[in-house]
Amino acid sequence: MVDKPTNTNRFARNPQSGMAAATALGMNALRPIMKFQISMLRMWADSIERLASNYDRGLEEAATSAEQPEERPDQERAA
C-alpha cells in the first residue's frame, strides 16, 4: 500500500510515461500478428510468381505447338 501513492504521484508528474508503456505493451502484443501477416503475404506473393511462370511456360508451349502444324502432315504421310 505504501507504493500506491508513489506510483500515483509518478504518473501525475509524467503522464506520458504511462502512455509510452501502454504503447510498448500494445506493440509487443501486435508483433506476432504482424509477423504472421507478413509470412502469409510472402507465401501469397510466391504463389502469384509461380502462377505467372507457369502461365508464361504454357504460352511458350502453345506458341511452339502453333508453329509446328506444317510438320504434322509430313508425319501423317510417313505413317
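### Comments concerning the overall build of the protein chain
Helix and strand counts for the protein chain come out as 3 helices and 0 strands. Seen in sequence order, the protein chain has helices and strands lined up from the N terminus as α-α-α. Per-residue burial for the protein chain yields a buried fraction of 0% across its 79 residues. Surface accessibility of the protein chain: about 7,500 Å² in total, with carbon and sulfur atoms responsible for 60%.

### A closer look at a nonpolar patch on the surface
Among the surface-exposed residues, Met 27, Leu 30, Ile 33, Met 34 and Ile 38 lie close enough to one another that they form a single nonpolar patch of about 440 Å² accessible area. Here Ile 33 is to be found in helix 2 (residues 15-67). Taking the relative accessible area as the measure of exposure, Ile 33 reaches 46% and is therefore partly exposed.

### Quick notes on the pattern of salt bridges
Pairs may arise between side chains of opposite charge once their charged atoms sit close together. Applying the stated rule across the entire model yields 1 salt bridge. Taking the shortest distance from any N to any O, the salt bridge between Asp 46 and Arg 50 comes out at 3.4 Å. Of the two residues, Asp 46 and Arg 50 are both situated in helix 2; the distance of 4 residues between them amounts to about one turn of the helix. Exposure remark for Asp 46: the relative accessible area of 34% places this residue in the partly exposed category.

Reading the values: rules and limits
- Residue numbers here run from 1 along each chain, matching the order of that chain's written sequence.
- Residue-level local features of this predicted model are given only where pLDDT is at least 70; pairs of side-chain atoms are given and counted only at 80 or more, and the full residue set underlies all totals for whole chains, interfaces and linings.
- Note that water and hydrogens are dropped before the side-chain values are worked out from all heavy atoms of the structure.
- Where helices and strands are cited, they refer to DSSP runs of H or I of at least four residues and of E of at least two residues respectively, numbered from the N terminus.
- The buried label applies to any residue whose accessible area, calculated with a 1.4 Å probe on protein chains only, is under 20% of its type's maximum; exposed applies above 50%, and partly exposed to all values in between.
- Using a 1.4 Å probe, accessible areas were evaluated by the Shrake-Rupley method; residue-level cover was limited to the displayed protein chains.
- Residues forming no salt bridge and having over 30% relative accessible area are the ones grouped into patches, like charges within 9 Å of each other and nonpolar side chains (Val, Leu, Ile, Met, Phe, Trp, Tyr) within 5 Å.
- When a carboxyl oxygen of Asp or Glu is within 4 Å of a side-chain nitrogen of Lys or Arg, the pair counts as a salt bridge.

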